[in-house]
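Inside the fold
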Amino acid sequence: MARTSGPETRDRLIRAAEELFAAQGVHGAQLRDVVSRAGQANPSAVQYHFGSRAGLLDAVMAGRQARTEAVLAPLLAAAADTPHDLVAALVTAEAGELRTDRGRRCLRISAQLSHESGVRARTPHPTLAGTCYWRLIERIAECLGADGLPGPLLLERLDLALTLVGAAMADRARQYLDGTDPLTDEALFLADLVETTTALLRAAQPEQAHLPRKDLP
């Protein structure tokens, strides 16, 4: 068994967590199985290196975020302030994770955490504060606000759009990992995801429904 110290052990734990969190769920995977998969004898190895399950998950997502940010930064700098261009930059950056099994697993993990981004509260999760990803979210929000979309609806729609992108990428990643043949080639999948997500963001604002109020039981 490997010793529970040093950067190599930390990396083994992160990679083991990526495999198990992707396959069994962020909350379903057992830390003892992560430790075993990483070849560690000390059952407290996760606590020793990361403090908790949440700390290990943050470490997994930090590596995934660093890879995506490196691709997203130049795309965001060149993107016009339109929902279509900004969504295209996001989808292109996320698609980089489809290139490797490690990235595919991380796409499956991050899709489980989309509700924790902080979009609805307009307060980024600490790991997203100051990132290109969050700046992209702000720029899309500015576009939607300029179109006259009211605040609460804007935030719900933006959160839904990001969830759609994450879920679609995670499902594509699952197909690659399982060896399943997708219905469309990757270029068409990505192009359609951009168009579908943009259409969601730019959909006409619904008229207020006036429904009769029902008394609560």
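For the rest of this paragraph, the subject is the packing of helix 5 (residues 83-95) against helix 9 (residues 186-201). When two helices pack together, their arrangement is captured by the angle between the axes and the distance separating the axes. Between helix 5 and helix 9, the shortest axis-to-axis distance is 9 Å and the interhelical angle comes to 140°. Between helix 5 and helix 9, the interaxial angle falls into the category oblique. By crossing handedness, the relation of helix 5 to helix 9 is classed as right-handed. Every residue of helix 9 that contacts helix 5 at Pro 83, His 84, Val 87, Ala 88, Val 91 and Ala 95 is listed here: Leu 190, Leu 193, Val 194, Glu 195, Thr 197, Thr 198 and Leu 201. Of the residues contributing to the contact of helix 5 with helix 9, the split by class is 9 nonpolar, 3 polar and 1 charged.

All right, on to the nonpolar core then. Grouped together as the largest cluster of nonpolar side chains are 37 residues, with contacts concentrated most on Val 91, Ile 140, Leu 158 and Met 169. Of all the secondary-structure elements, those providing two or more residues to this core are helix 4 (53-78), helix 5, helix 7 (132-146), helix 8 (151-178) and helix 9. Broken down by element, this core gets its largest block of residues, 9 residues, from helix 8. Setting aside its immediate chain neighbours within four residues, Met 169 contacts Val 91, Glu 94, Ala 95, Leu 98, Leu 107, Phe 189, Leu 190 and Leu 193. Within the second largest apolar cluster, 24 residues are counted, among which are Leu 20, Val 34, Ala 59 and Val 60.

With that settled, consider the packing of helix 8 against helix 9. Their axes nearest at 9 Å, the elements helix 8 and helix 9 cross at an angle of 165°. Judged by the inter-axis angle, helix 8 sits roughly antiparallel to helix 9. Of the two possible hands of crossing, helix 8 and helix 9 adopt the one that is right-handed. Contacts from Arg 157, Leu 158, Leu 160, Ala 161, Leu 164, Val 165, Ala 168, Met 169, Arg 172 and Tyr 176 of helix 8 reach helix 9 at Glu 186, Phe 189, Leu 190, Leu 193, Thr 196, Thr 197, Leu 200 and Leu 201. Residue classes in the contact of helix 8 with helix 9 are distributed as 13 nonpolar, 2 polar and 3 charged.

Okay, empty space enclosed by the protein next. Enumeration according to the criterion identifies 1 cavity of 30 Å³ or more in this entry. Taken as a whole, the largest cavity encloses approximately 40 Å³ of empty space. Lining of the largest cavity is provided by Val 87, Leu 90, Ile 140, Leu 158, Ala 161, Leu 162, Val 165, Thr 197 and Leu 201. Secondary-structure elements contributing two or more residues to the lining of the largest cavity are helix 5, helix 8 and helix 9. Tallying contributions element by element places helix 8 first for the lining of the largest cavity, with 4 residues.

Cut-offs and rules
- Residues numbered from 1 in each chain as written.
- Predicted model: local features only at pLDDT ≥ 70, side-chain atom pairs only at ≥ 80, totals over all residues.
- Heavy atoms only, no water.
- Axes fitted to C-alpha atoms, helices over the stretch in contact; angles between N-to-C directions.
- Helix = DSSP H or I, 4+ residues; strand = E, 2+ residues; numbered from the N terminus.
- Parallel < 35°, antiparallel > 145°, perpendicular 65-115°, else oblique.
- Left-handed = near helix turned anticlockwise from the far one by under 90°.
- Contact = heavy atoms within 4.5 Å.
- Nonpolar A, V, L, I, M, F, W, Y, C, P; charged D, E, K, R; others polar.
- Core = buried A, V, L, I, M, F, W, Y, C linked by side-chain atoms within 4.5 Å.
- Buried < 20%, exposed > 50% of the residue type's maximum accessible area, 1.4 Å probe, protein only.
- 1 Å grid on protein atoms, 1.4 Å probe; cavity = no way out; pocket = protein on both sides within 12 Å on 5 of 7 lines; lining within 4 Å.
- Points joined across faces, edges and corners; volume = space filled by probe spheres on them.

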